[in-house]
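Architecture and fold: a report
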Amino acid sequence: MNKKIIIIEGYLASGKSTFALQLSKSLNVPYLIKDTFKIAICQNISVADRNESSVFSAVTFDAMMYVTERMFETGNPIIIEGNFVPAGLKKTDEAGVIKQLIDKYGYSSLTFKFAGDTRVLHKRYIEREKTPERGEVNKMGFDVPYEMFDTWCRNLDAFDSGGKIVKVDTTDFSKIDFNDYIELAGQFLG
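Rules of the game
- Residues numbered from 1 in each chain as written.
- Predicted model: local features only at pLDDT ≥ 70, side-chain atom pairs only at ≥ 80, totals over all residues.
- Heavy atoms only, no water.
- Pairing = 2+ DSSP bridges.
- Helix = DSSP H or I, 4+ residues; strand = E, 2+ residues; numbered from the N terminus.
- Axes fitted to C-alpha atoms, helices over the stretch in contact; angles between N-to-C directions.
- Salt bridge = Lys/Arg side-chain N within 4 Å of Asp/Glu carboxyl O.
- Buried < 20%, exposed > 50% of the residue type's maximum accessible area, 1.4 Å probe, protein only.
- pLDDT = per-residue confidence, 0-100.
- Core = buried A, V, L, I, M, F, W, Y, C linked by side-chain atoms within 4.5 Å.
- Contact = heavy atoms within 4.5 Å.

**Observations regarding the sheet that holds strand 4 (residues 108-115)**
The 5 strands are arranged 2-3-1-4-5 in an open sheet whose pairing can be described as parallel. In the strand order of this sheet, the two ends are held by strand 2 (31-33) and strand 5 (164-169), each with one partner. Neighbouring strand axes in the sheet, compared pairwise and without regard to direction, differ in orientation by 15 degrees on average. With 6 bridges joining them, strand 4 and strand 5 adopt parallel strand pairing. If you follow F114 over to strand 5, its bridge partner there is V168.

Written as C-alpha cells, this is what we have:
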C-alpha cells in the first residue's frame, strides 16, 4: 500500500497538464487531468455555450473524484491535475472535497502549486485557446481580457488540501528543472 496523492494545481496555462503527464510516465503512477477528462466525458455530447461547459466542468470534477476514491480504496498512489477551486468560488469547494477524501482514506498529499506572471500566462492562454488539443468543450469562445484572466488565476491562490505544498513559478519554462520536481515527487512516493 502506498497511500499517496500528488496534486498539481494552479493558474491557467501554467504547464500543469504537461507536468502531470511527465510525472506519471517518470513515476509509473496513474493520472487524471481535469481538461482531458472533460473532453472524454463530452466526446459524444454537443456543448452549446459557456454555461453548459461550466455544468460539465462540475460533472468532470465529480467524476474525477469518483475515480480518485476508487483508487484510494485500493491504497495505490494517484496524480490529479486541475485548476481546483477553494471554497466560495463555485457551488462545490473542490479543495474541501479533495481534503475530505484524503482524510477519509488516510492518504498523504504533495501539492505542486503552479503560478507565474499572469501577463505571460495570459499570452500563453490566448495562444492555447487556438489549438485543437484544447478541445471545443474547454474553449472560452471569446478573447478573455487580461483583468478577467488575472482574477481567475488569483482566485486559485487559496487552494489548500493539506499536506506538503511546493510552489512552482512557471513564468519562464527554460528556468525550471522539472527533473528536480520529479525527483522530489519520487522521494515523496518512497
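**Digging into the pattern of salt bridges**
In total, this model carries 7 salt bridges according to the counting rule given. Measuring nitrogen to oxygen at the nearest pair gives 3.8 Å for the salt bridge that ties E69 to R70. Among the ionic pairs, K104 bridges to E69, the shortest N-O distance being 3.0 Å. With K104 in helix 4 (residues 94-105) and E69 in helix 3 (residues 50-74), this residue pair connects regions lying 35 residues apart in the sequence. For E69, a relative accessible area of 15% puts it in the buried group. The structure contains a network of salt bridges with shared partners spanning E69, R70, E73 and K104.

**Regarding the confidence of the model for the protein chain**
Counting all residues, the mean pLDDT for the protein chain is 89, and 91% of those residues have values of 70 or more. The spread of mean pLDDT over the elements of the protein chain runs between helix 2 (residues 34-41), the lowest at 83, and strand 4, the highest at 98.

**A few points about the nonpolar core**
In terms of nonpolar packing, the biggest core is built from 20 residues, with I6, I8, F19, L23, F112 and Y181 touching the most fellow members. Among the elements that make up this core, the one with the highest residue count is helix 7 (residues 178-189) (6 residues). Setting aside residues no more than four positions away along its own chain, F19 makes contact with I8, F112, F114, F178, Y181 and I182. Residues I5, F72, F84 and A95 belong to the second largest nonpolar core, which totals 18 residues.

**A look at the pairing of strand 4**
Counting buried positions along strand 4 yields 6 of 8 residues, so the element is predominantly enclosed. As judged from the 7 bridges shared by strand 1 (residues 4-10) and strand 4, these two strands associate in the parallel manner. Bridging across to strand 4, I7 finds its partner in T111.

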